[in-house]
Amino acid sequence: MNISRRQILILLPAAAVAWKSVLAGTPEASPNYNMSDHWWGMLIDIPKCIGCGNCVRACQTENDVPDGHFRTWVERYHRSDWPMTESGEVTANPLIDPEVISPDGGKEGFPAATDENGKYFFVPKMCNHCADSPCTQVCPVGATFISPDGVVLVDPTYCLGCAYCVQACPYGCRYIHPEKQIADKCTLCYHRITKGLTTACCEACPTGARQLVDLKDPKDPIHEFLKTHSVQVLKPQMATGAKLFYNDLDGSVR
Amino acid sequence: MSVFKDAKHLFVFAGLFVLAFLVFLVVRHYVVPKSFGEYGHYRGAAIGEIASHPIKFAGHQTCETCHSDVLDVKSKGKHANVNCEACHGALAKHADDPSAVTPVLPDTTVLCARCHTASAAKPKGFPQVAPADHSGGLACSTCHKPHSPAMDAGGAK
């Protein structure tokens, strides 16, 4: 095989680049991840959710969530029609008092929906990764915090397990880990999103009802979606700066 | 200096105070982690520790690097946007060492029913059946190919 000097000069850098990419392989840490370039949140498209529980199972697998505790769970709402007596008197307000079930967090599906009146729908829930979170404000030891890229995390070596944050969360998204005896919660799969992957729940969602969004990324479809859809957050009156956006959320959801 | 004539106890107290403050600074230096306060009132290194947890779901991009044949079939069918691990489960270990960990083929009678069992609570446009009436206990894969489930899609795998 005859290779000229010119060919060698072209081939060598090409081989070096190729070898570099071989060495890189699967990125273990995240050297190219810059915290200040991201502001994470999630979009939940209620009309797409089929209540299969894939997200709950995936989260449990990915994050070793103990049985009976949930970092994400799915609720099924049933908002009945306005119940009236024969004289036309309204007896209850389904907007204030809807029927909500979540058997084992919706992990193994839901019982049959039998009532023909009203409407049924699924509401997946998880940490809202609030920008002004009550849970981080009450921590007496600085064990929970919002990271510079907008993810509310718990430092397991600092947490005392006082459960103050569990009480402070308006969305009920925290629990005390039964073995570690420290506060545990959704990390928005921080170990995944910093490597360029999506969260386990989004990866496992078969209908695309969940989407990880980066509010600092101008190319993220969330910006167009927020402009063109009726998107809400839970408990906006609490001014938590929640970043879990719900599309087409029913007024009865709390 | 008659002003300080009887002030010795004050100097002793001030000295003790300064000493205690120095002890506090020394103890604080050793007790508080270096990265505490790096980004805010918390240990900055905790972010990196949480980010270094191992992943369990490899992600569909990883699957597709080897299983591009399945991707070709899937991308033409109704399940184009259903990620591999939504049905096959978390398989990062398989992706790391394909020969050591072999994925188990899911049982379609259980798997398909999770999503496609009819319920009034599901969105109206979503394809749903009552499995007992629909197939009489036969596995879904008898007629449908899970990667491209439409009946007329042909011999897709």
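Residues numbered from 1 in each chain as written. Chains lettered and ligands numbered in written order. Predicted model: local features only at pLDDT ≥ 70, side-chain atom pairs only at ≥ 80, totals over all residues.

Draft legend 1. View of the overall build of chain A. In terms of regular secondary structure, chain A is built from seven helices and eleven strands. In terms of overall dimensions, chain A has a C-alpha envelope of 100 × 40 × 35 Å along the principal axes. Out of the 254 residues belonging to chain A, those deemed buried represent 39%. (Helix = DSSP H or I, 4+ residues; strand = E, 2+ residues; numbered from the N terminus. Buried ≥ 20, exposed ≤ 12 C-beta atoms within 10 Å, placed from the backbone.)

Draft legend 2. Layout of the nonpolar core. Ranked by internal contacts, the top residues of the largest apolar core, which has 71 residues, are Leu153(A) and Cys201(A). Lining this core are residues from two domains, each supplying at least three of them: domain 1 (2–51) and domain 2 (60–153) of chain B. Residues within four places of Leu153(A) in sequence aside, it is in contact with Thr144(A), Phe145(A), Ser147(A), Thr187(A), Tyr190(A), Ala46(B), Ile47(B) and Ile50(B). (Core = buried A, V, L, I, M, F, W, Y, C linked by C-beta atoms within 7 Å. Domains from an automatic or database assignment. Contact = placed C-beta atoms within 7 Å.)

Draft legend 3. Main features of the pairing of strand E11 (residues 244–247) of chain A. All names here are of chain A. Here strand E1 (residues 40–45) pairs with E11 via four bridges, running parallel. Within E11, the residue paired with aspartate 45 across the bridge is asparagine 247. Taken together, the two bridges between strand E10 (residues 231–232) and E11 define a ladder with antiparallel strand orientation. Note on E11: the bridge partner recorded for valine 231 is asparagine 247. (Pairing = 2+ DSSP bridges.)

Draft legend 4. Spatial organisation of the interface of chain A and chain B. Between chain A and chain B, the contact holds 38 residues from the first and 29 residues from the second. For the side of chain A that touches chain B, the secondary-structure elements that each account for two or more residues are helix H2 (54–63), strand E4 (119–126), helix H5 (190–193) and helix H6 (200–204) of chain A. When residues of the side of chain A that touches chain B are assigned to their parent elements, the largest contribution, four residues, is made by H2(A). Here the side of chain A that touches chain B is composed, by residue class, of 21 nonpolar, eleven polar and six charged. (Nonpolar A, V, L, I, M, F, W, Y, C, P; charged D, E, K, R; others polar.)

Draft legend 5. Representation of helix H1 (residues 8–31) of chain B. Compared with the 34 Å implied by 1.5 Å per residue over 24 residues, the 34 Å span of H1(B) between its first and last C-alpha is a close match. Burial analysis of H1(B) places just zero of its 24 residues in the buried class, which makes it a mostly uncovered element. (Expected span 1.5 Å × (residues − 1).)

Draft legend 6. Highlighting the sheet that holds E11(A). Read from one edge to the other, the open sheet built from four strands follows the order E9-E1-E11-E10 (chain A), with strand pairing classed as mixed. Strands at the two margins of the open sheet, each flanked by one partner only, are strand E9 (210–214) and E10 of chain A.

Draft legend 7. Inspection of the sheet that holds E4(A) at higher detail. Residues and elements named next belong to chain A. Here we have three strands laid out as an open sheet, ordered E3-E2-E4, and antiparallel in their pairing. Only two strands of the sheet have a single partner each, and these edge strands are strand E3 (99–101) and E4. If you compare each strand with its neighbour and ignore which way they point, the axes differ by 25° on average. Here strand E2 (residues 72–79) pairs with E3 via three bridges, running antiparallel. What sits directly across from histidine 78, in E3, is glutamate 99. (Axes fitted to C-alpha atoms, helices over the stretch in contact; angles between N-to-C directions.)

Draft legend 8. Just the environment of Gly89(B), in detail. Residue and element names in this part refer to chain B. Tracing the backbone through its elements, the reader meets glycine 89 in the loop between helix H5 (84–88) and helix H6 (92–96). What makes glycine 89 partly exposed here is the crowd of 18 C-beta atoms within 10 Å. The spacing of glycine 89 and lysine 56 is 33 residues in sequence and 9.3 Å in space, taken between C-alpha atoms.

Draft legend 9. Region of interest: helix H7 (residues 108–116) of chain B. Residues and elements named next belong to chain B. Restricting attention to buried positions, one finds in H7 the residues Cys112, Ala113, Cys115 and His116. Projection of H7 onto a plane perpendicular to its axis shows the buried side chains occupying an angular sector of 165°, all on one side. Along its buried surface, H7 packs onto helix H8 (131–135). (Arc of directions from axis to C-beta.)

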